[in-house]
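Summary of the model geometry
Here are the chains, one letter per residue:
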Amino acid sequence: MDMKIKLLGKNLDELKQLVSEEGLPGFTAKQIAQWLYVKKVRSIDDMTNLSKVARAKLSEKYEVGLITYSGLQISTDGTKKYLFPVKCSHKRGLNMVDENMEEGAVEAVMIPDDDRATLCVSSQSGCRMGCKFCMTGRQGFHGHLSAADIISQFIAVDESDRLTNAV
């Protein structure tokens, strides 16, 4: 099974290069960025201001790459722990799954405080910090997450539109 390349995590310059390589108009890169990072779509088919031909062409090799949470725990103080399934690598910057990646799970923790909503995100599977409140910190280090996995934590949490801080 061929694995598709994740669009999520690519910056505007990378998207410009991608659309150029695919023979699509240059302005398509900005449209894709808007769909990914502002409108937070989950599918290339949802990018309705791209032509059907462009969407079909992109869908052949690419996917949005958004990961949704698979578990949620809510504390009495309103803190929410979101569990995300991930695949990680010991190499940095991977935005595509390969056969050497390990499956695992990470947490993102939303900490409410008066007029703030802080999201503590994971950038690695496991962590060397050892924070007692965080399962990710207690599982040891297993590898780096892709940009798509990290950005998914911001987009997929229920509080996505009202986050004020990130750690």
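Here is a short report on the structure shown in this document. (Residues numbered from 1 in each chain as written. Predicted model: local features only at pLDDT ≥ 70, side-chain atom pairs only at ≥ 80, totals over all residues. Heavy atoms only, no water.)

**Some details on the overall build of the protein chain**
- For the protein chain, the helix and strand inventory stands at 5 helices and 9 strands.
- Overall, the protein chain shows an N-to-C arrangement of helices and strands of β-α-α-α-β-β-β-β-β-β-α-β-α-β.
- Here the protein chain holds 167 residues, and 40% of them are scored as buried.
- Relative to all contacts within the protein chain whose residues are 6 or more apart in sequence, the contacts with residues 24 or more apart total 55%.
- In the form shown here, the protein chain has an accessible surface area of approximately 9,500 Å², with 52% of it arising from carbon and sulfur atoms. (Helix = DSSP H or I, 4+ residues; strand = E, 2+ residues; numbered from the N terminus. Buried < 20%, exposed > 50% of the residue type's maximum accessible area, 1.4 Å probe, protein only. Contact = heavy atoms within 4.5 Å. Areas by Shrake-Rupley, 256 points an atom, 1.4 Å probe, with all protein chains shown as cover.)

**Examining the packing of helix α1 (residues 12-21) against helix α2 (residues 28-37)**
- At their nearest, the axes of α1 and α2 sit 8 Å apart, and the two run at 130° to each other. Our classification of the angle between α1 and α2 gives oblique. Crossing hand, α1 versus α2: right-handed. Taken together, the residues of α2 that come into contact with α1 (itself represented by Leu12, Leu15, Lys16 and Val19) are Thr28, Ala29, Lys30, Ile32, Ala33 and Leu36. (Axes fitted to C-alpha atoms, helices over the stretch in contact; angles between N-to-C directions. Parallel < 35°, antiparallel > 145°, perpendicular 65-115°, else oblique. Left-handed = near helix turned anticlockwise from the far one by under 90°.)

**Here's the deal with the pairing of strand β4 (residues 80-88)**
- Residues Lys80, Tyr82, Phe84, Val86 and Cys88 point to one face of β4 and are all buried, whereas Lys81, Leu83, Pro85 and Lys87, pointing to the other face, are not buried.
- Looking at chain direction, strand β3 (residues 71-74) and β4 are connected through 4 bridges and run antiparallel. The partner of glycine 71 across the bridge, within β4, is leucine 83.
- Here β3 hands over to β4 after 5 residues, with glycine 78 in that stretch at a positive phi of 95°. (Pairing = 2+ DSSP bridges.)

**What about the environment of alanine 148?**
- Take alanine 148: it is sitting in helix α5 (residues 147-156).
- Put simply, alanine 148 and glycine 65 are 83 residues apart on the chain and 6.2 Å apart in space, counted from C-alpha to C-alpha.

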